[in-house]
Amino acid sequence: MSSEVENVAAQPRTSERGAATRSSLLAAAREVFVSNGFAEAGVTDVVARADASVGSLYHHFSGKADLYLTLFEEFQARQTQRTKQAARMARAAGESDPMRVFISAARAYLDGCLEERELADLFLRGDGPPGFDVVMRDRLRKWAQLNAALFEDEGALVVVVTGALAAAVSEVVRTGDRGLAEEVLAIIGQIRPATSATASSSG
């Protein structure tokens, strides 16, 4: 049986007024989900906060899960933009070491999590629609694949740095500690493939 999340197909029908209504519904959903959690939030809470009608919500979204997933996808789109821009800037500045490029992108990702900490925490706390954990795992796997390209298919290295950063994101979002973020990035930045470590120790 497919999950609620898998059934969501967010294809907003937007006019200018429709786009404004859609935005206000998303802003209201964000506030309600952050305050009450997904499970306790109700569609009526969202429309009341947005000063909209239940009908307008169902015109733009298929329900509560669709609102949540749309917030997640839009957050991830902003995070992708932040990390791509950071990697581009690092390369433009002459950086060619894949790990340093990765660290620049990872710093941008962590900065985005801190900038939108309430929203990041909402997605990390485990209170989402049925099937959302699958969406999160899939996103992490795709992210790992992108890292694999950056590290020229150093599979073990990708697992280590991706896992370390995922754990760091969770802790940094929980604590809001930017200093911890920098310490973690400094440690991750020293990680190298086992092959190069072996070569340097035996050489």
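Residues numbered from 1 in each chain as written. Predicted model: local features only at pLDDT ≥ 70, side-chain atom pairs only at ≥ 80, totals over all residues. Heavy atoms only, no water.

## Quick look at the packing of helix α5 (residues 98–115) against helix α8 (residues 155–175)
Okay, step 1: As a packed pair, α5 and α8 sit with axes 10 Å apart at the nearest point and diverge in direction by 25 degrees. Classed by the angle they form, the pair α5 and α8 counts as roughly parallel. Taken as a pair, α5 and α8 cross one another with a handedness that is right-handed. On α8, the residues touching M99, F102, A106, Y109, L110, C113 and L114 of α5 are L157, V161, L165, A168, V169, V172 and V173.
Okay, step 2: Its residues placed into classes, the contact of α5 with α8 shows 14 nonpolar, no polar and no charged. (Axes fitted to C-alpha atoms, helices over the stretch in contact; angles between N-to-C directions. Helix = DSSP H or I, 4+ residues; strand = E, 2+ residues; numbered from the N terminus. Parallel < 35°, antiparallel > 145°, perpendicular 65-115°, else oblique. Left-handed = near helix turned anticlockwise from the far one by under 90°. Contact = heavy atoms within 4.5 Å. Nonpolar A, V, L, I, M, F, W, Y, C, P; charged D, E, K, R; others polar.)

## Focus on the confidence of the model for the protein
Okay, step 1: Of the residues in the protein, 89% have a pLDDT of 70 or more, and the chain-wide mean is 87.
Okay, step 2: For the protein, the element scoring lowest by mean pLDDT is helix α10 (residues 194–202), at 55; helix α4 (residues 64–92) scores highest, at 96.
Okay, step 3: Overall, residues 9–14 carries pLDDT values under 50, and its contacts beyond four positions in sequence, including any with other chains, amount to eight contacts. (pLDDT = per-residue confidence, 0-100.)

## Overview of the environment of A194
Okay, step 1: Topologically, A194 is positioned in helix α10.
Okay, step 2: For the pair A194 and A156, spaced 38 residues apart in the sequence, the C-alpha separation amounts to 8.4 Å.

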